[in-house]
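Letter by letter, the chains look like this.
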Amino acid sequence: MGRAFQNRKESIAKTAAAKSKVYSKYGREIYVVAKQGGVEPDANLQLRSLIDRAKKDQVPAHVIEKAIDKAKGGAGEDYAPAVYEGFGPGNCMVMVECLTDNNARTYGEVRNCFTKTKSKIGAPGSVAHMFDHCAILKFAGDDEDAALEALMMADVDVTDIEAEEGHITVFAPHTEWHKAKTALQEAFADLEFEVDEIQYLPQVMTEIAGDDVAMMEKFLDMLNDCDDVQNIYHNAQF
């Protein structure tokens, strides 16, 4: 399972302009999570994890603070999650996570990315069944048995656990994220997660080659340029 978990951010940080896109995406996500679950990170575990991830991706503090202050005000845009799916170059499977305040606009922009790269946007469920919606927690350590025991004692439904090169990676259903993270933090003192996120992981990979590789790169760049797109998941293996 872990082999497929490298596809979260494709070609997003090439330029300063791309970095500002990253900041914008984090700002929007922090705003939504804070507005929904509260602006205090200690009381909103999802917000705290998101802020930690933003800091690791070098998002400036003022971007984070601005998003939280905006959520405190209670006004502003009313964003809702949307997931679009389909088939990309080389017939690979693609899922696109968005936060949008206008579904028609966002769908049109995402569909345009598919159309202009000889790809095909699908109906809901067309490829989602070939992805696992997983919580992923990775941290330094090598005692896989101790980690698994802590998770079992907390009645966490673990999908997979791997110990490799001094790190342990835990995979669990996305609904078990909070419980899994809490169990590990209680079992290991001063635990810091190198990866703490929820992803769509492909169950199988599709190898692409030749012209499809260049077209896939164009496809990903076009999607990343869409303001409403937050994350792109695919099963393409270059």
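See above for the structure.
What counts and how
- Residues numbered from 1 in each chain as written.
- Predicted model: local features only at pLDDT ≥ 70, side-chain atom pairs only at ≥ 80, totals over all residues.
- Heavy atoms only, no water.
- Helix = DSSP H or I, 4+ residues; strand = E, 2+ residues; numbered from the N terminus.
- Rg over C-alpha atoms; globule rule 2.2 N^0.38 Å.
- Buried < 20%, exposed > 50% of the residue type's maximum accessible area, 1.4 Å probe, protein only.
- Contact = heavy atoms within 4.5 Å.
- Areas by Shrake-Rupley, 256 points an atom, 1.4 Å probe, with all protein chains shown as cover.
- Arc of directions from axis to C-beta.
- Axes fitted to C-alpha atoms, helices over the stretch in contact; angles between N-to-C directions.
- Parallel < 35°, antiparallel > 145°, perpendicular 65-115°, else oblique.
- Left-handed = near helix turned anticlockwise from the far one by under 90°.
- Nonpolar A, V, L, I, M, F, W, Y, C, P; charged D, E, K, R; others polar.
- Pairing = 2+ DSSP bridges.
- Salt bridge = Lys/Arg side-chain N within 4 Å of Asp/Glu carboxyl O.

A. Structural view of the overall build of the protein. On a plain count of helices and strands, the protein comes out with 7 helices and 10 strands. Relative to a compact globule of 238 residues, whose C-alpha radius of gyration would be 18 Å, the protein shows 18 Å and is just as compact. Taking the principal axes of its C-alpha atoms as reference, the protein extends roughly 50 × 45 × 30 Å. Here the protein holds 238 residues, and 45% of them are scored as buried. At a minimum sequence separation of 6, the contacts of the protein that also span at least 24 residues come to 72%. Here the protein displays about 12,100 Å² of accessible surface, and carbon together with sulfur accounts for 49% of that area.

B. Inspection of helix 6 (residues 177–187) at higher detail. Of the residues making up helix 6, those classed as buried are Trp-177, Ala-180, Lys-181, Ala-183 and Leu-184. Around the axis of helix 6, the buried residues are gathered within 160° of arc, so they sit on the same side.

C. Quick peek at the packing of helix 5 (residues 144–153) against helix 6. Axis separation between helix 5 and helix 6 bottoms out at 9 Å; the angle between their running directions is 125°. Classed by the angle they form, the pair helix 5 and helix 6 counts as oblique. Here helix 5 runs over helix 6; the crossing is right-handed. Here Ala-147, Ala-150 and Leu-151 of helix 5 lie close against helix 6, whose contacting residues are Ala-180, Ala-183, Leu-184 and Ala-187. For the contact of helix 5 with helix 6, the class distribution of residues is 7 nonpolar, no polar and no charged.

D. Inspection of the pairing of strand 7 (residues 193–202) at higher detail. By the criterion of burial, strand 7 is predominantly enclosed, with 8 of the 10 residues buried. Judged from the 9 bridges that link them, strand 4 (residues 131–140) and strand 7 form a sheet pairing that is antiparallel. Considered in strand 7, the bridge of Ala-135 is made with Ile-198.

E. Highlighting the sheet that holds strand 5 (residues 160–164). What the 4 strands build is an open sheet, ordered 5-6-4-7; its pairing is antiparallel. Single-partner strands in this sheet number two, and they are strand 5 and strand 7. Neighbour-to-neighbour, the strand axes of the sheet open up by a mean angle of 20°, direction not taken into account. In this structure, strand 4 lies alongside strand 6 (residues 167–173), joined through 7 bridges in antiparallel fashion. Considered in strand 6, the bridge of Phe-139 is made with Ile-168.

F. Quick peek at the pattern of salt bridges. The final tally for this structure, using the stated rule, is 9 salt bridges. Two residues, Lys-181 and Asp-196, come together in a salt bridge whose shortest N-O distance is 2.6 Å. Here Asp-196 lies in strand 7 and Lys-181 lies in helix 6, a separation of 15 residues in the sequence. According to the relative accessible area criterion, Lys-181 is buried, its value standing at 3%. Taken together, the shared-partner salt bridges in this structure form one network comprising Arg-28, Asp-101, Arg-105 and Asp-228.

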